[in-house]
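Structural overview for review
Listed below, chain by chain, are the residues.
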Amino acid sequence: MLTVTRVVHASVLLDFGGARILTDPWLSERRFYRPGEPRSVATAADLPPLAGIVISHDHYDHCDLDALVDYPDRTVPFAVAPGLAAKVRAAGFVNVVELAPWQHTRLGPVEVTAAPAGHSVPEVTFVLRADGHTVYFGADTLRIPELDEIAHRFPDLDLALLPINGLRIRPALNRQVVMDAAEAAELTRVLRARVAVPIHYAFSSGPIGDRVMTKAERNRPDLYRDAVADLAADTTVHILDPGRPLRV
């Protein structure tokens, strides 16, 4: 049995028959980083027992280690992007492995394989397999051609978690750093996942930041749902509020 529950942003709880994986933890808030929606987990102390944690890259809204230190099990295993292990260990967690694309490890019973990503900093995405189910977690990657390889290596995806807000950096001439809804729908067509859940679409830089720092399609998961209906009709899209579990 596979259950997915959004926490907030790109932070998701995946439950593979009792083995729970947390993706890209973000459990706090600071200036210019606002989730734009309520979190389903108030603090790290409220998290359930985890089989492991995966972290795609070293941005605060995906790697909130200061808030994660409240999680009581310091031996919980991590799979992280290259270059992040020392930072995770410095936060007090001792069981950390770095994965470059197509390297893999196990977090308890869950097999974790890193996949390519494109963003403003080094990043990986992840394929997670356990209990007869396969999940692709897209973090906040751009739509890059290298992602097509996932469909060849993992042709049996049950669930795709894809970012959709098309985030752009205004001071960098509106440079795009995250795929948008149309690009995510096109990747969904390639991946042929049975179910897809959009992530990474409510984020706000705040009233000032949204005007001068970032630009995005905020709170429009319907754009992704409609685009998938046109491009990948065999994939069922579920738009999930934080805290609402979906059995896949």
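Check the entry above for the structure.
What counts as what
Residues numbered from 1 in each chain as written. Predicted model: local features only at pLDDT ≥ 70, side-chain atom pairs only at ≥ 80, totals over all residues. Heavy atoms only, no water. Pairing = 2+ DSSP bridges. Helix = DSSP H or I, 4+ residues; strand = E, 2+ residues; numbered from the N terminus. Axes fitted to C-alpha atoms, helices over the stretch in contact; angles between N-to-C directions. Parallel < 35°, antiparallel > 145°, perpendicular 65-115°, else oblique. Left-handed = near helix turned anticlockwise from the far one by under 90°. Contact = heavy atoms within 4.5 Å. Buried < 20%, exposed > 50% of the residue type's maximum accessible area, 1.4 Å probe, protein only. Lys, Arg positive; Asp, Glu negative; His and termini not counted. Salt bridge = Lys/Arg side-chain N within 4 Å of Asp/Glu carboxyl O. Polar contact = N/O pair within 3.5 Å; in protein donor to acceptor, adjacent residues only side chain to side chain. Phe/Tyr/Trp six-rings, centres within 6.5 Å; stacked < 30°, edge-to-face > 60°. Arc of directions from axis to C-beta.

**Some remarks on the sheet that holds strand β13 (residues 175-176)**
An order of β13-β12-β15 is seen for the 3 strands of this open sheet, with the pairing classed as antiparallel. The open sheet has two edge strands with one neighbour each: β13 and β15 (214-215). Note that strand β12 (residues 168-169) and β15 share 2 bridges and pair antiparallel. Within the sheet, the bridge partner assigned to arginine 168 lies in β15 and is lysine 215.

**Focus: the packing of helix α4 (residues 181-191) against helix α6 (residues 221-231)**
As a packed pair, α4 and α6 sit with axes 8 Å apart at the nearest point and diverge in direction by 40°. Taken as axis vectors, α4 and α6 run oblique relative to one another. Where α4 crosses over α6, the handedness of that crossing is right-handed. Facing α4, whose interface residues are Ala181, Ala184, Ala185, Glu186, Thr188 and Arg189, α6 presents Leu223, Tyr224, Ala227, Val228 and Leu231.

**Let's talk about the side chain of aspartate 61**
You can see aspartate 61 is positioned in the loop between β4 (52-55) and α1 (65-68). As a buried residue without a salt bridge, aspartate 61 has its nearest oppositely charged side chain in arginine 30, at a separation of 8.4 Å. A distance of 2.8 Å separates polar atoms of two side chains, one belonging to aspartate 61 and the other to histidine 9.

**Points about the packing of aromatic side chains**
Geometry of an aromatic ring pair is reported as the spacing of the ring centres plus the angle between the planes. In this structure the tally under the stated criterion is 5 aromatic pairs. Here the aromatic rings of tyrosine 33 and tyrosine 60 are separated by 5.2 Å at their centres, their planes lie at 90°, and the arrangement is edge-to-face. Within this pair, whereas tyrosine 33 is found in the loop between β3 (19-23) and β4, its partner tyrosine 60 is found in the loop between β4 and α1, the two being separated by 27 residues in sequence. Of the residues examined, tyrosine 33 reaches a relative accessible area of 28% and is grouped as partly exposed. Consider the rings of phenylalanine 78 and phenylalanine 93, whose centres lie 5.0 Å apart with planes at 50°: the pair is tilted. Linking phenylalanine 78 in strand β5 (residues 78-80) with phenylalanine 93 in the loop between α2 (85-90) and β6 (96-98), this pair joins segments that are 15 residues apart in sequence. You'll find phenylalanine 78 and phenylalanine 93 in the same group, each marked buried.

**Comments concerning the environment of aspartate 226**
Within the secondary structure layout, aspartate 226 lies in helix α6. Residue classification places aspartate 226 among the partly exposed positions, given a relative accessible area of 39%. Sequence separation between aspartate 226 and alanine 182 is 44 residues, and the spatial gap between their C-alpha atoms is 9.2 Å.

**Comments concerning the environment of tyrosine 71**
Inspection of the secondary structure assignment puts tyrosine 71 in the loop between α1 and β5. Overall, the relative accessible area of 4% leaves tyrosine 71 in the buried class. Measuring from C-alpha to C-alpha, the distance between tyrosine 71 and isoleucine 169 comes to 33 Å, with 98 residues separating the pair along the chain. Beyond its immediate stretch of four places on either side in the chain, tyrosine 71 contacts Ala44, Leu47, Pro48, Pro49, Leu50, Val76 and Phe93.

**A few points about α4**
Buried residues of α4: Ala181, Ala184, Ala185, Leu187, Thr188, Val190 and Leu191, and no others. Against the buried residues of α4 lie β10 (133-137), α3 (148-153), β11 (159-163), β14 (195-199) and α6. The residue sitting at the N-terminus of α4 and contributing the capping side-chain oxygen is aspartate 180; that oxygen lies 3.2 Å from the backbone nitrogen of alanine 182. Looking one or two places after α4, you find arginine 192, whose phi comes out positive at around 55°.

**Considering α6**
Along α6, the residues classified as buried are Pro221, Tyr224, Ala227 and Val228. Taken around the axis of α6, the buried residues stretch over an arc of 125°, which confines them to a single face. Those residues of α6 hidden inside the fold are in contact with β11, α4, β14 and β16 (236-237).

**Side note on the sheet that holds β3**
Whenever strands of a sheet pair, they do so through backbone hydrogen bonds, lying parallel or antiparallel. Read across the sheet, 7 strands follow the order β6-β5-β4-β3-β2-β1-β17 without closing on themselves; strand pairing throughout is mixed. Each edge of the open sheet is held by one strand with a lone partner, namely β6 and β17 (246-247).

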